Amino acid sequence: MKQTWRWFGPSDAISIGEIKQTGATGIVSALHHVPTGEAWSVDHIKERQQQIEQPEGVPSGLSWDVVESVPVSEVIKSQTGPVRQHIEAYKTSLRNLAECGIQTVCYNFMPVLDWTRTDLSYPLPHGGNAMRFDLVDFAVFDCFILCRKGAEEDYSAEIIEAAQARFADLGDGGRRNLSNNIVAGLPGANDNWSLEDVKRHLGTYVGMTTEMLRSNLVDFLSEVVPTAEDLGIRLCCHPDDPPFPLLGLPRVMSSQSDYAAVLDAVDSPANGATLCTGSLGVDTEFDPVSFIAQLGHRIHFVHLRNTVREGPSDSNRHSFSESEHLAGDTDMVATIRTLLAEEQRRRNQGRSDSEIPMRPDHGHALLSDLTRPSQPGYPLIGRMRGLAELRGVMHGFA
């Protein structure tokens, strides 16, 4: 697998020079400054390529290999507003990326909230910290901060009772911090919103069922996949994170069966999957080996990350923490072994995409990470440790 590293552009506290020292050979990036729903221009794409390939005029040896993400707007997801305009802008972005030689484009279809955590610096026994999703804390936000109508019906009596007590204990500062963690937008999220923005966008999904949202995704793909296929671009959808409903909203990319349904509905090699073991692995039913065995030929990008499920939980919704890459609930060794076998199968078939790009997703904040600025979940030392461990497993199967 090609070992890549996520870089958020010139504002990223981690430089291209530092990334090169990690041993990564490719870059995953996006034009986060372009408003969602607007087309990416060739000039902006080439500018980002130059920032990656020639920082300060010196060749880095790195290239922009994966776009993560060209965001899908709420207009497209909810099919309200200028849908046609946003779809045409998306197609223009794909054309311009192809003109610049970029062929792999990740996206997601999570309504309103992108990936979600309640704690961005959860202390760990070894002295570092990790990100965490606590179901009680999320119920605090949903029921008592956002005050979403009908929210309490979505949780068990035990979760509501614990949320009431925690809300009382948090105080104004704790409530504000929790709200900011959830609403303000994590790295790579489509938009940075206020509490009022979230309430307004939730209104556009009133009455939206899982079947309706999946139909909207299939409609979107039916429009853009033919363009991507003509351009030689591989689209790959990232799973819901966490892989269960939040805020009363449906989720449609939370399981292997979800992926199978959407990939079958728009059956094209340009319509593929981003396998994120950390997102899907929160579900007790997730089996990475089975996922790769069934859908491996459509996996265009891989996030290798691990999580550990913890209490409290409610039905199949779990609290969880980000774990070490080789620990947690997902068998990372079996995952890598099966992905390497998929790469060999592609080589045997003569496929041009036989080398699957991967990146070490997230990481514990360790050592100097604790005192230097970085994006939540994207520390330098923690991710470098993860990449080194994953690289070791890959070499073990070479």
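Residues numbered from 1 in each chain as written. Predicted model: local features only at pLDDT ≥ 70, side-chain atom pairs only at ≥ 80, totals over all residues. Heavy atoms only, no water.

*Asks:* With reference to specific residues and values, describe the sheet that holds strand E10 (residues 307-314).
*Replies:* If you trace the four strands from one edge of the open sheet to the other, you get E5-E6-E11-E10, paired in antiparallel fashion. Among the strands making up the open sheet, the edge pair consists of strand E5 (119-123) and E10. Strand-to-strand twist in this sheet, taken as the mean axis angle between neighbours without regard to direction, amounts to 35 degrees. Bridge count between E5 and strand E6 (residues 129-133): three bridges; the pairing is antiparallel. Following the sheet pairing, Pro 123 is matched in E6 by Asn 129. Along the sheet face, helix H5 (residues 135-145) touches E6, E10 and strand E11 (317-322) and points at about 55 degrees away from the line of E10. (Pairing = 2+ DSSP bridges. Helix = DSSP H or I, 4+ residues; strand = E, 2+ residues; numbered from the N terminus. Axes fitted to C-alpha atoms, helices over the stretch in contact; angles between N-to-C directions. Contact = heavy atoms within 4.5 Å.)

*Asks:* Pulling in residues and values, what's your account of unusual backbone geometry?
*Replies:* In this structure, Ser 69 follows Glu 68 across a cis peptide bond, with omega equal to 0 degrees. Its location among the elements puts Ser 69 in the loop between strand E3 (64-68) and helix H3 (74-78). Backbone torsion omega between Asp 241 and Pro 242 reads 0 degrees, so that peptide bond is classified as cis. Its identity is not glycine, yet Leu 247 carries a phi of approximately 55 degrees, on the positive side. Its location among the elements puts Leu 247 in the loop between strand E7 (234-238) and helix H9 (256-265).

*Asks:* Hey, could you go over H9 for me, with residue numbers and the actual values?
*Replies:* If you check which residues of H9 are buried, you get Gln 256, Asp 258, Tyr 259, Ala 260, Val 262 and Leu 263. Looking at the buried positions of H9, the neighbouring elements they touch are helix H8 (210-231), E7, strand E8 (271-276), helix H10 (277-280) and helix H11 (288-295). (Buried < 20%, exposed > 50% of the residue type's maximum accessible area, 1.4 Å probe, protein only.)

*Asks:* Could you give an account of the pattern of salt bridges, naming the residues involved and the relevant values?
*Replies:* Taken as a whole, this structure holds 34 salt bridges when the rule is applied. Two residues, Glu 18 and Arg 372, come together in a salt bridge whose shortest N-O distance is 3.1 Å. Of this pair, Glu 18 sits in helix H1 (residues 16-21) while Arg 372 sits in the loop between strand E12 (357-360) and helix H13 (380-396), placing them 354 residues apart in sequence. Note that Arg 84 and Glu 88 form a salt bridge whose closest N and O atoms lie 3.0 Å from each other. Of this pair, Arg 84 and Glu 88 are both found in helix H4 (residues 83-99), four residues apart, which corresponds to roughly one turn of the helix. Here Glu 88 falls in the partly exposed class, since its relative accessible area comes to 31%. Look at the salt bridges and you will find they share partners, linking Arg 6, Glu 68, Arg 117, Asp 241, Arg 305, Glu 322, Arg 359 and Asp 361 into a network. (Salt bridge = Lys/Arg side-chain N within 4 Å of Asp/Glu carboxyl O.)

*Asks:* Any chance you could break down the nonpolar core for me, citing the residues and the numbers?
*Replies:* Among the nonpolar cores identified, the biggest contains 106 residues, and Trp 40, Phe 220 and Leu 247 are the most heavily contacted of them. Of all the elements, H5 adds the most residues to this core, at nine residues. Non-local contacts of Trp 40, meaning those with residues more than four positions away in its chain, are made with Ala 30, Leu 31, Val 34, Ile 45, Trp 64, Val 67, Ser 69, Val 70, Pro 71, Ser 93, Asn 96 and Leu 97. Within the second largest apolar cluster, five residues are counted, among which are Val 28, Val 66, Cys 236 and Phe 301. (Core = buried A, V, L, I, M, F, W, Y, C linked by side-chain atoms within 4.5 Å.)

*Asks:* Lay out the environment of Leu 367 with the relevant residues and their values.
*Replies:* On the secondary structure map, Leu 367 appears in the loop between E12 and H13. In sequence terms Leu 367 and Thr 210 are 157 residues apart; their C-alpha atoms lie 43 Å from each other.

*Asks:* How would you explain the state of the cysteines if you had to name every residue and give the values?
*Replies:* The tally for this structure, following the rule as stated, stands at zero disulfides. With no disulfide of its own, Cys 143 lies 8.6 Å from the sulfur of Cys 147, the closest cysteine sulfur. Free cysteine Cys 237: the closest other cysteine sulfur is in Cys 106, separated by 7.5 Å. (Disulfide = S-S within 2.5 Å.)

*Asks:* Account for the environment of Asp 353, with residues named and values stated.
*Replies:* Relative to the elements of secondary structure, Asp 353 occurs in the loop between helix H12 (332-349) and E12. A residue is classified by how much of its surface remains accessible, and Asp 353, at 12% relative accessible area, is buried. Taking the C-alpha atoms as reference points, Asp 353 and Val 333, separated by 20 residues in sequence, lie 22 Å from one another. When residues no more than four places from it in sequence are discounted, the contact partners of Asp 353 are Arg 234, His 300 and Arg 346. A distance of 2.8 Å separates polar atoms of two side chains, one belonging to Asp 353 and the other to Arg 351. (Polar contact = N/O pair within 3.5 Å; in protein donor to acceptor, adjacent residues only side chain to side chain.)

*Asks:* Break down the sheet that holds E12 for me, citing the residues and quoting the values.
*Replies:* Read once around its circumference, the closed barrel built from eight strands follows the order E1-E2-E3-E4-E7-E8-E9-E12, with strand pairing classed as parallel. Across this sheet, the average inter-strand angle for adjacent strands is 30 degrees, counted without regard to direction. Bridging between strand E1 (residues 2-6) and E12 involves two bridges; their strand directions are parallel. Its bridge partner being in E12, Lys 2 is matched across the sheet by Pro 357.

*Asks:* I'd like a rundown of the pairing of E6, residues and numbers included.
*Replies:* With five of its five residues buried, E6 lies for the most part within the structure. Side chains Asn 129, Met 131 and Phe 133 of E6 all project onto a buried face; the interleaved residues Ala 130 and Arg 132 project onto the opposite face, where all are buried too. The hairpin formed by E5 and E6 contains five residues between the paired strands, and Gly 127 there has a positive phi angle of roughly 105 degrees. As defined by bridge partners, E6 adjoins E11 across two bridges and the pair is classed as antiparallel.

*Asks:* Provide a residue-level description of the packing of H4 against H8, including the pertinent values.
*Replies:* Their axes nearest at 10 Å, the elements H4 and H8 cross at an angle of 20 degrees. Of the possible angle classes, the one that applies to H4 and H8 is roughly parallel. Of the two elements, H4 crosses H8, and the hand of that crossing is right-handed. Counting all contacts with H4, which are made through Arg 84, Ile 87, Tyr 90, Lys 91, Leu 94, Arg 95 and Ala 98, the residues of H8 involved are Phe 220, Glu 223, Val 224, Thr 227, Ala 228 and Leu 231. (Parallel < 35°, antiparallel > 145°, perpendicular 65-115°, else oblique. Left-handed = near helix turned anticlockwise from the far one by under 90°.)

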